[in-house]
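Inside the fold
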Amino acid sequence: MNKLDGILRVKKYNILHWWAIWCYPSYMDCIKQKILEMQKEESKIKKVLDLTYQENILNHRGEKQIKKRFLAEYILIQSEFDTNLFYRVTRITGVKKFLTVKDFASDQRWNFSNIEPDVPSYIPDTQIQNFVKQIKKHEDERFHMLEKDEAVQIISGPFKGFMGKIIEKKSHNRFVLEIKIYSFAKNIEILGNQIVRTTE
């Protein structure tokens, strides 16, 4: 029995925990798909998270929605842990390894459990919740950056495609725009995720 086998026999590995898988960026989507396929046949895997958020950008070529990763190079899974799961995941093309305390002891984003430094370390639920809150905060801050008198374009809803100007900021994610319809000015109320700042 090797060191990993011995450690995985400890009771705390036989309950649900979050684990971070370190991947090569260009393989992220493929790795996530492989793990989702494993989830269908591996009852121990309960959740698979690739923490991303959508950003709408607008330039002279038009609207574009891009996906950004909050944790570049990492996929998170919630699962019981055993050697079978360990070897199946680490053999997927593009996977570097499961993160350990030793790997990221100096990285302030991670709050690992205090176990053996060179074997996979589970991540507390509170840490995952914190990541989700940070994504929400980031999305909220995008809307905070929009201010009165800024030129914007509507990207969803019944007025999609119209250009307008912010004439009132009612909250961090709610605005009043002035748009023109057949040369007539009209004020409409709209959510922040329905508009983007126009750029050259």
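Residues numbered from 1 in each chain as written. Predicted model: local features only at pLDDT ≥ 70, side-chain atom pairs only at ≥ 80, totals over all residues. Heavy atoms only, no water.

What about the sheet that holds strand β9 (residues 174–181)?
The strand order across the open sheet formed by 5 strands is β10-β9-β8-β7-β11, and the pairing between neighbours is antiparallel. The outermost strands of the open sheet, each flanked by one partner alone, are β10 (184–191) and β11 (195–197). Sheet twist, expressed as the mean angle between neighbouring strand axes with direction ignored, is 45°. The sheet contact formed by strand β7 (residues 151–154) and β11 spans 3 bridges and is antiparallel. (Pairing = 2+ DSSP bridges. Helix = DSSP H or I, 4+ residues; strand = E, 2+ residues; numbered from the N terminus. Axes fitted to C-alpha atoms, helices over the stretch in contact; angles between N-to-C directions.)

Points about the pairing of strand β1 (residues 17–23)
A large share of β1 lies buried, amounting to 6 of its 7 residues. Bridge count between β1 and strand β5 (residues 74–79): 6 bridges; the pairing is antiparallel. Note that in β5 the partner of Ile 21 across the bridge is Ile 75. Where β1 and strand β6 (residues 95–98) come together, 3 bridges link them in antiparallel fashion. The residue bridging Cys 23 from the neighbouring strand is Val 95, located in β6. (Buried < 20%, exposed > 50% of the residue type's maximum accessible area, 1.4 Å probe, protein only.)

As for the pattern of salt bridges
Evaluation of the coordinates by the stated rule reveals 6 salt bridges. Here Glu 41 and Arg 88 are joined by a salt bridge, their closest N and O atoms 2.8 Å apart. With Glu 41 in helix α2 (residues 28–41) and Arg 88 in helix α3 (residues 83–90), this residue pair connects regions lying 47 residues apart in the sequence. Of the charged contacts, one joins Lys 44 and Asp 82 as a salt bridge, the two residues approaching to 2.4 Å between their closest N and O atoms. With a gap of 38 residues between them, Lys 44 in the loop between α2 and β2 (45–49) and Asp 82 in the loop between β5 and α3 connect regions that are remote in the sequence. The structure contains a network of salt bridges with shared partners spanning Lys 170, Arg 174 and Glu 189. (Salt bridge = Lys/Arg side-chain N within 4 Å of Asp/Glu carboxyl O.)

Some words on the sheet that holds β1
Read across the open sheet, the 4 strands follow the order β2-β5-β1-β6; overall the sheet is antiparallel. Lying at the two open borders of the sheet, with one neighbouring strand each, are β2 and β6. Across the sheet, the axes of successive neighbouring strands diverge by a mean angle of 25°, strand direction being ignored. Bridge count for β2 against β5 is 4 bridges, and the pairing is antiparallel.

Thoughts on the pairing of β10
Note: β9 against β10, 8 bridges, orientation antiparallel. Bridge pairing in β10 links Glu 178 to Asn 187. Connecting β9 to the next strand, β10, in antiparallel fashion are 2 residues, including Tyr 182 with a positive phi near 50°.

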